[in-house]
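Architecture and fold: a report
Chain by chain, the residues run as shown.
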Amino acid sequence: MAGGPTPPGMITPLRLFATLCILAPTIAVIAVPTYNSATPTLGGFPFFYWYQLIWVVITGILMVAAYWAMKIDARRRKQIRATAEPAGDGAGDGEAGA
């Protein structure tokens, strides 16, 4: 990155990915008119039911992906803070003594 490491308060691609993983199933299931039909059927179940059942599985997968993305992001933020702290602590101690 040209400007140095991303500050911990900024939106990162991993946080954006996690947000989309959480919002996608919510929007897909709330939009009832898009799947409110009996056809096509799958194993005797109308579309309305198996569409929702598929989203249960997809949601589980997306929640795991969001969890890992946030875990990786937290690790990166911790590393950024660890590298930034020594410079900040030394400057603060010098100013306080002056």
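The residue numbers shown here count from 1 along each chain, following its written sequence. Whole-chain, interface and lining totals are the exception, using all residues; otherwise, since this is a predicted model, local features are given only for residues with pLDDT of at least 70 and side-chain atom pairs are given and counted only at 80 or more. Processing note: side-chain calculations cover all non-hydrogen atoms of the structure and skip hydrogens and water entirely.

Focus: the overall build of the protein
The test is simple: Each helix corresponds to a stretch of at least 4 residues labelled H or I by DSSP, and each strand to a stretch of at least 2 residues labelled E; elements are numbered beginning at the N terminus. Burial here depends on accessible area, computed with a 1.4 Å probe over protein chains only, as a share of the maximum for the residue type. Under 20% is buried, over 50% is exposed, and the range in between is partly exposed. Contacts are assigned to residue pairs with any non-hydrogen atoms lying within 4.5 Å of each other.
Secondary structure assignment for the protein yields two helices and zero strands. Per-residue burial for the protein yields a buried fraction of 14% across its 98 residues. By sequence separation, contacts in the protein at least 24 residues apart represent 62% of the contacts at least 6 residues apart.

What about the packing of aromatic side chains?
Our working rule: In summary, the pairing rule links any two rings of Phe, Tyr or Trp, Trp by its six-membered ring, whose centres are within 6.5 Å, and it sorts them by plane angle into stacked for under 30 degrees, edge-to-face for over 60 and tilted for everything else.
Scanning the entire structure with this criterion turns up seven aromatic pairs. Here the aromatic rings of F48 and Y49 are separated by 5.5 Å at their centres, their planes lie at 85°, and the arrangement is edge-to-face. Where Y67 meets W68, the ring centres are 5.5 Å apart and the plane angle is 75°; that geometry is what we call edge-to-face. What makes W68 partly exposed here is its relative accessible area of 43%. Following the ring pairs from residue to residue traces out a cluster consisting of Y35, F47, F48, Y49, W50, Y51 and W55.

Notes on the side chain of D73
Tracing the chain through its elements places D73 in helix α2 (residues 47-97). Those residues in contact with D73, other than ones at most four positions away along the chain, are T12, L14 and R15.

So, the pattern of salt bridges
This is how the line gets drawn: Salt bridges are defined as contacts in which a side-chain nitrogen from Lys or Arg sits within 4 Å of a carboxyl oxygen from Asp or Glu.
The full count for this structure, using the stated rule, is two salt bridges. Across the salt bridge formed by R15 and D73, the nearest N and O atoms sit 2.7 Å from each other. With R15 in helix α1 (residues 13-30) and D73 in helix α2, the pair connects residues that are 58 residues apart, well separated along the chain. You can call R15 partly exposed: its relative accessible area is 33%. For D73, the salt bridge is made with R77, and the minimal N-O distance between the two is 2.7 Å. You can see D73 and its partner R77 sitting in helix α2, four residues apart, about one turn around the helix. Three or more residues joined by partner-sharing salt bridges are found here, namely R15, D73 and R77.

Some remarks on the environment of A74
The topology assignment puts A74 in helix α2. The exposure class assigned to A74 is partly exposed, which follows from its relative accessible area of 43%. Taking C-alpha positions, A74 is 9.6 Å from R15, a pair spaced 59 residues apart along the chain.

Observations regarding a nonpolar patch on the surface
Rules: A patch consists of residues whose relative accessible area exceeds 30% and which take part in no salt bridge; residues with like charges are grouped when within 9 Å of each other, and nonpolar side chains (Val, Leu, Ile, Met, Phe, Trp, Tyr) when within 5 Å. Accessible surface is estimated by sampling points in the Shrake-Rupley manner with a 1.4 Å probe; for residues, cover comes only from the protein chains shown.
A contiguous nonpolar surface patch, about 340 Å² in accessible area, is contributed by I11, L16 and L20. As for its placement among the helices and strands, L20 is situated in helix α1.

Structural notes on the environment of P46
When you line up the elements, P46 lands in the loop between α1 and α2. Taking the C-alpha atoms as reference points, P46 and N36, ten residues apart in sequence, are found 9.6 Å from one another.

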